[in-house]
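# Structural description and commentary
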Amino acid sequence: MKNILFVCTGNSARSIIAESLVNNRYNDKFKAYSAGSNPSGEINKDIKHFLNDKGFNLQNYSSKNFNFFVNGEIKIDHVITVCNNANNEVCPIWPKENQIIHWDIEDPVIKLNDASEDKKFKIITDTFNNIDKRIKNWILNEKY
């Protein structure tokens, strides 16, 4: 079992989507976590609603700082940043065996603020599908 940490600045949308996808679809080989460099403190309500509607249990999910994982008890095998801000910020020093990967995924939260319900669904679906495709491709190429 390999542990993956998805990192984004706010840890309220993209990293939460990625964490929930891995834990619901690939939990036989991977355990996913998520964190942010400047976490919002809560999962975006529209993202939460979307994932709950998909049948994903978010009961133990939260928006937290990546310092939670520094010198922690959880050995992280891979770190995947899902936004340019997190990729360009000073991240903690991870153990040498960790692999850091970057995916540039547009922030859906900014677009959700003034969107209609139909538009929100499309924005979140597009983000979800983008992340889902990247995870599938990455896992196909990952040796575990």
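Read on for a plain summary of the structure. It should be emphasised that the depicted structure is a prediction, and the values quoted were computed from it without experimental measurement.

### Considerations on helix 2 (residues 45-53)
All buried positions along helix 2 are accounted for by Asp 46, Ile 47, Phe 50 and Leu 51. The buried residues of helix 2 occupy an angular sector of 130° when the element is viewed end-on, so they sit on one face. In helix 2, the exposed residues that point more than 90 degrees away from the buried face are Lys 45, His 49 and Asp 53. Its side-chain oxygen placed 2.8 Å from the backbone nitrogen of Asp 46, Asn 44 serves as the N-cap of helix 2. Positive backbone phi, approximately 90°, marks Gly 55, located one or two places after helix 2.

### With respect to the nonpolar core
Phe 6, Val 22, Leu 51, Ile 80, Trp 103, Ile 135 and Trp 138 are the most contacted members of the largest nonpolar core, which has 35 residues in total. Sorting the residues of this core by element identifies strand 1 (2-8), helix 1 (14-25), strand 2 (30-36), helix 2, helix 4 (108-112) and helix 5 (117-141) as the ones contributing at least two each. Ile 135 has contacts with Phe 6, Ala 18, Leu 21, Val 22, Tyr 26 and Trp 103, leaving out every residue within four places of it along the chain. Among the nonpolar cores identified, the runner-up in size contains 8 residues, and Leu 5, Tyr 33, Ala 35 and Phe 66 belong to it.

What counts and how
Residues numbered from 1 in each chain as written. Predicted model: local features only at pLDDT ≥ 70, side-chain atom pairs only at ≥ 80, totals over all residues. Heavy atoms only, no water. Buried < 20%, exposed > 50% of the residue type's maximum accessible area, 1.4 Å probe, protein only. Helix = DSSP H or I, 4+ residues; strand = E, 2+ residues; numbered from the N terminus. Arc of directions from axis to C-beta. Polar contact = N/O pair within 3.5 Å; in protein donor to acceptor, adjacent residues only side chain to side chain. Core = buried A, V, L, I, M, F, W, Y, C linked by side-chain atoms within 4.5 Å. Contact = heavy atoms within 4.5 Å.

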